[in-house]
Structures are given as C-alpha cells and as structure tokens.
Amino acid sequence: MILISGRGSNMQAIVERCAPARIAAVIGNRAEAAGLRFARERGIPAEVVEHRDFPSRATFEQALSAAIERKRPDLVVLAGFMRVLGEAFVQRYEGRLLNIHPSLLPAFPGLNTHRRALEAGVKVHGCTVHFVTAAVDHGPIVIQAAVPVLAGDTEESLGARVLAQEHRIYPLAVRWFLDGRLAVDRGIVRVRGECEPQFLLAPP
Ligand code: GAR
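For clarity, every value in this text was computed on a predicted model and none was experimentally measured.

1. Concerning the site of the ligand
Looking at the ligand, the residues that line it are Arg 7, Gly 8, Ser 9, Asn 10, Gly 80, Met 82, Ile 100, His 101, Pro 102, Asp 137, Leu 163 and Glu 166. Contact distances for the ligand include 2.7 Å between an oxygen atom and a backbone N or O atom of Gly 8. Side-chain polar atom of His 101 to a nitrogen atom of the ligand: 3.2 Å apart, as the coordinates give it. Contact with the protein chains removes 86% of the 450 Å² of surface that the ligand exposes when unbound. Looking at the shell around the ligand, the elements that each hand over two or more residues are helix 1 (9-17), strand 5 (97-101) and helix 6 (155-178). Counted by class, the shell around the ligand contains four nonpolar, five polar and three charged residues.

2. A word on the pairing of strand 9 (residues 188-191)
Along a regular strand, successive side chains alternate from one face of the sheet to the other. Alternating positions in strand 9 separate cleanly, Val 189 and Val 191 being buried on one face and Ile 188 and Arg 190 remaining unburied on the opposite face. Relative to strand 9, strand 8 (residues 182-185) is paired through four bridges, and the arrangement is antiparallel. By the bridge assignment for strand 9, Leu 182 is matched with Val 191. Hairpin geometry of strand 8 and strand 9 is characterised by an intervening segment of two residues between the two adjacent antiparallel strands and by a positive phi of about 50° at Arg 186.

3. What about the packing of helix 1 against helix 6?
The packing of two helices is summarised by the inter-axis angle and the distance between the axes. With their axes 9 Å apart at the nearest point, helix 1 and helix 6 run at an angle of 50° to one another. Between helix 1 and helix 6, the crossing angle belongs to the class labelled oblique. Along this stretch, helix 1 crosses helix 6, giving a crossing that reads as right-handed. Contacts between helix 1 and helix 6 involve Ser 9, Asn 10, Ala 13, Ile 14 and Arg 17 from the former and Leu 163, Glu 166, His 167, Arg 168, Tyr 170, Pro 171, Val 174 and Arg 175 from the latter. Looking at the contact of helix 1 with helix 6, its residues break down into six nonpolar, three polar and four charged.

About the criteria used
Residues numbered from 1 in each chain as written. Predicted model: local features only at pLDDT ≥ 70, side-chain atom pairs only at ≥ 80, totals over all residues. Heavy atoms only, no water. Near = heavy atom within 4 Å. Polar contact = N/O pair within 3.5 Å; in protein donor to acceptor, adjacent residues only side chain to side chain. Areas by Shrake-Rupley, 256 points an atom, 1.4 Å probe, with all protein chains shown as cover. Helix = DSSP H or I, 4+ residues; strand = E, 2+ residues; numbered from the N terminus. Nonpolar A, V, L, I, M, F, W, Y, C, P; charged D, E, K, R; others polar. Buried < 20%, exposed > 50% of the residue type's maximum accessible area, 1.4 Å probe, protein only. Pairing = 2+ DSSP bridges. Axes fitted to C-alpha atoms, helices over the stretch in contact; angles between N-to-C directions. Parallel < 35°, antiparallel > 145°, perpendicular 65-115°, else oblique. Left-handed = near helix turned anticlockwise from the far one by under 90°. Contact = heavy atoms within 4.5 Å.

Listed below in structure tokens is the structure:
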C-alpha cells in the first residue's frame, strides 16, 4: 500500500523495482495527485481520500485507515505523502509504516530541506528511509544515501541529485521489509542475512 500526495516518482520507483511485490493500492490525499494516473495506467487500484473532505485530522485518518484496512496490506509506504499523521494512526501501523525524507536525518526534518541544506553550507546532503513514529521525520533509520553538495548548486540541482538516490534506496528498503529482513532493536535498524550496507554514496 502506497500513500502519495503529488508527483509520485518514489511510488513509481517502488512499483518498477519491487516486483514481484503486489501493490495493494495507491491512495492519494488529493484527487489531482499526478501519481494516481500512473498507478491507474499500471492497473494498480488508485483511490482518493481527500483530507479537505473531513472536518478534522482524526476523521480524515479514520477514513484513511478504513481504506487501508480494506486491502489488508503487509506494509504502508509513505511516498511524498505530505500530511502529518497523528499518534493513533502511527501507533496502529507501528513497525509497518515507512517514510522517505529528503535529508540525512536527523538533520533538516520538515520542509524545504534542500534550501535549508544550501543555507547551512553543508557539504554532504541526502535522503533517509525510516520507520514512522509519532515524532515527525524521526524514527528508526533503515537506509540513507548521501550526495555531495557542489559549488553552484541550486535548490533544484541539489534536489534532483537527492531524488535520484531516493529512487534507489526506497525500493531497497521496501524489499528488505517484505523479505522479513529488517530488525529493530532499541531504535536501531539492522538488515538480517548477508551483509548489505545501509547507506549509499553517490559519486560527485
Ligand atoms: C520526495 O522528495 C520525498 O522525499 C519528499 O517529497 C518528495 C515526493 O516526491 N517527502 C517529504 O518531504 C516528506 N517529509 P515524489 O512524489 O515524486 O515521490
């Protein structure tokens, strides 16, 4: 099960690179989310649960949970899902709810991560797949990818470099989960089985 709000390029990477995993459905919280069209074209059930249709976050999340439960997924993947999820929702899916964030967490939680990375003058930036906890953009880290910050970078050029790595690490994390290889011990994630690095370094 994949939840999106917009373009859906991470969803697309997961659909293309996680075969033969079955995508139970894609749910968008905005009917205009471009990624929904891609899902429909691929024959994946695509649904809309519009957050604007509900009077409160709690009622939106109840409807979202109901839509998810109808499909009984093993894993819920947030792929550019831009709504903060409340504690009840997060607890319900604890241990089977993944998110991708466009920074090397715990640096730069929240929005506008590429702009803030440039403003801070960091030399290395990147992205993180993590299990979702009630604290926004926190939670046990599954895998990270690092990219260099180059002289002359703009928010767009840096964002594109990071996004290319997002498309590599998210399908890997999903496969590890579905293969039952992720173990979380006191907040630290390990990958069971043969040793695979939980980080990628993109060349400059
Ligand atoms: C991605 O860069 C993802 O990391 C980010 O939104 C973008 C969605 O792109 N997510 C967050 O900022 C969540 N805090 P996509 O729709 O093309 O996958």
